[in-house]
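Read off the chains here:
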Amino acid sequence: MIEIKNLKKTYEGREALKGISFTIKEGEFYGLLGPNGAGKTTTISIISSILKADSGDVIIGRYNIDTHPQNVKQLIGVVPQEIALYNELSAYENLMFWGGLYQVPANELSNRANELLKQFGLEDRKNDKVKNYSGGMKRRINIASALLHKPKVLFMDEPTVGIDPQSRNLIFEVVEKLHKEGLTIVYTTHYMEEAERLCDRIGIIDNGQIIAEGTLDQLKNSSSIKETIAITFSNLNALHVKEIATFWSDMSQDENIIHFHSSDIKSDLSKLVLKCNQLGVDIVNIEIQKTNLETIFLNLTGKQLRD
Ligand code: ATP
């Protein structure tokens, strides 16, 4: 459905995109995950025709965005990072305005606007001026306006930044429903929890490059990091540590906590507990630290996702 080939973009001599390529299948929910400044907004702005790349190709449906911009425009809905609404108009009037721009037939537009206002939980407030809305409510209208013309692909650039939990949950529910109905979605975020919850496939972006890509399971399996069993002891001494290190070499000690790296938590946990009992060290806490996108990102780049 979407084919991105070798996108490059430089701002004032600074390379923001260094050759981004990826492919998205019809109906897929694709997440671009990366820290601030990684190149997410630049990428999604180029593929949604807001910004021009220096080089590279974007094909959506059967159309190249450079040669068939109008065909692409009809296929896509765009939710940019900056909310684009008229504050002096009501939510309903805003939707009528945006629907006109997207050339939604006049006889369908009002029904479609009301349907979306209901879906986004804003039916009761539809006649209030947008200037009186919370950030989350504005964001919901912004998403609704991108859906008026029933696009086949929805681009969303960090749609949950700075909004209240209620709006965030409602947005998740709506996009999950749209995904189930077959909409292709491209979603940028720096929140790993969102990528884990929503996306079929994730492209991890850093410094203008995709550094890893796959389903969550593929990313977990391809990364060399292991899960960790962190055991806290109450009476750990140097002799215990020496014995434990002989028994389990892939470990690290942090005062009275030992982190045991494991590729099979289930069977390793019982082995470790048994050994600790034999040694007479008292366990006060056991914590399992699973591999997640944060640890994968840390492993790939040596830095936190939320720097
Ligand atoms: P954020 O989450 O902060 O929006 P991002 O991953 O979306 O980050 P981009 O906004 O695409 O990243 O920025 C990529 C790089 O390009 C950054 O170094 C940024 O400072 C730079 N950049 C982005 N827009 C411009 C611009 N208009 N002029 C100059 N540099 C820019």
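In this text, all values refer to a predicted model and were calculated from it rather than measured experimentally.

(A) Geometry of the overall build of the protein. Summing up its helical and strand segments, the protein has eleven helices and 14 strands in all. In terms of C-alpha radius of gyration, the protein reaches 24 Å, well past the compact-globule figure of 19 Å for 307 residues. Looking at the 307 residues of the protein, the share that counts as buried comes to 46%. Restricting the contact set of the protein to residue pairs at least 6 apart, pairs at least 24 apart contribute 70%. Distance between charge centroids for the protein: 4 Å, based on 35 positive and 40 negative side chains.

(B) Seen up close, the environment of Val-281. Inspection of the secondary structure puts Val-281 in the loop between helix 10 (265-279) and strand 14 (283-289). You can call Val-281 buried: its relative accessible area is 2%. Separated by 41 residues in the primary sequence, Val-281 and His-240 have C-alpha atoms spaced 7.4 Å apart. Not counting residues within four places of it along the chain, the set of residues in contact with Val-281 comprises Phe-233, Asn-235, Leu-236, His-240 and Cys-276.

(C) Focus on the site of the ligand. Near the ligand there are 13 residues, and of these Gly-37, Lys-40, Thr-41, Thr-42 and Glu-158 occur at the shortest range. In this structure, Ala-38 approaches the ligand through a main-chain N or O atom, which is 3.0 Å from an oxygen atom. Between the ligand and Glu-158 there is a distance of 2.7 Å, counted from an oxygen atom to a side-chain nitrogen or oxygen. When the free accessible area of the ligand is taken as 630 Å², the share hidden by the protein chains comes to 66%.

(D) Representation of the sheet that holds strand 6 (residues 76-79) in the model. Read across the open sheet, the six strands follow the order 6-7-8-3-9-10; overall the sheet is mixed. The sheet is open, and its two borders are formed by strand 6 and strand 10 (209-214), each paired with just one other strand. Direction aside, neighbouring strands of the sheet carry axes that sit 15° apart on average. Alignment of strand 9 (residues 201-206) against strand 10, held across five bridges, turns out to be antiparallel. The residue of strand 10 that forms the bridge with Ile-202 is Gly-214. Strand contacts of helix 11 (residues 293-301): strand 3 (29-33), strand 9 and strand 10, with the helix running at about 40° to strand 9, the strand carrying the most contacts.

(E) How the structure looks around the nonpolar core. In this structure, Phe-120, Ile-185 and Leu-293 are the most contacted members of the largest nonpolar core, which totals 48 residues. Aside from chain neighbours lying at most four places away, what touches Phe-120 is Arg-140, Ile-143, Ala-144, Leu-147, Leu-170 and Val-174. Core analysis: the second largest hydrophobic core is formed by 24 residues, Ile-20, Ile-44, Leu-75 and Val-153 among them.

(F) How the structure looks around the pattern of salt bridges. All chains considered together, the criterion is met by 14 salt bridges. Glu-213 is the partner of Arg-201 in a salt bridge, and the nearest nitrogen-oxygen pair spans 3.8 Å. With Arg-201 in strand 9 and Glu-213 in strand 10, this pair connects stretches of sequence that are twelve residues apart. Here Lys-271 makes a salt bridge to Asp-268, at a shortest N to O gap of 3.6 Å. Of this pair, Lys-271 and Asp-268 both sit in helix 10, three residues apart, which is roughly one turn of that helix. Here Lys-271 falls in the partly exposed class, since its relative accessible area comes to 43%. Note on Asp-268: relative accessible area 8%, which makes it buried. Three or more residues are tied together by salt bridges with common partners; here these are Glu-28, Arg-201 and Glu-213.

(G) Up close: the domain arrangement of the protein. Along its sequence, the protein is carved into domain 1 (2-221) and domain 2 (227-290). Placing a centre on the C-alpha atoms of domain 1 and another on those of domain 2 gives a separation of 45 Å.

(H) Examining unusual backbone geometry more closely. One non-glycine residue, Ser-49, lies in the positive phi region at around 70°. Overall, the relative accessible area of 40% leaves Ser-49 in the partly exposed class. Its identity is not glycine, yet Lys-150 carries a phi of approximately 50°, on the positive side. Mapped onto the elements, Lys-150 comes out in the loop between helix 5 (135-147) and strand 7 (153-157).

(I) View of helix 9 (residues 238-247). Burial in helix 9 covers these residues: His-240, Val-241 and Ile-244. Seen along its axis, helix 9 keeps its buried residues to an arc of 95°; they face one direction. Facing away from the buried side of helix 9 by more than 90 degrees, the exposed set consists of Ala-238, Leu-239, Lys-242 and Thr-246. Those residues of helix 9 hidden inside the fold are in contact with strand 11 (227-233), strand 12 (251-254), strand 13 (257-262) and helix 10. By the N-cap criterion, in which a side-chain oxygen at the helix start approaches the backbone nitrogen of a residue two or three places on, helix 9 is capped by Asn-237, the distance to Leu-239 being 3.1 Å.

Cut-off values and rules
- Residues numbered from 1 in each chain as written.
- Predicted model: local features only at pLDDT ≥ 70, side-chain atom pairs only at ≥ 80, totals over all residues.
- Heavy atoms only, no water.
- Helix = DSSP H or I, 4+ residues; strand = E, 2+ residues; numbered from the N terminus.
- Rg over C-alpha atoms; globule rule 2.2 N^0.38 Å.
- Buried < 20%, exposed > 50% of the residue type's maximum accessible area, 1.4 Å probe, protein only.
- Contact = heavy atoms within 4.5 Å.
- Lys, Arg positive; Asp, Glu negative; His and termini not counted.
- Charge placed at Lys NZ, Arg CZ, Asp CG, Glu CD.
- Near = heavy atom within 4 Å.
- Polar contact = N/O pair within 3.5 Å; in protein donor to acceptor, adjacent residues only side chain to side chain.
- Areas by Shrake-Rupley, 256 points an atom, 1.4 Å probe, with all protein chains shown as cover.
- Pairing = 2+ DSSP bridges.
- Axes fitted to C-alpha atoms, helices over the stretch in contact; angles between N-to-C directions.
- Core = buried A, V, L, I, M, F, W, Y, C linked by side-chain atoms within 4.5 Å.
- Salt bridge = Lys/Arg side-chain N within 4 Å of Asp/Glu carboxyl O.
- Domains from an automatic or database assignment.
- Arc of directions from axis to C-beta.

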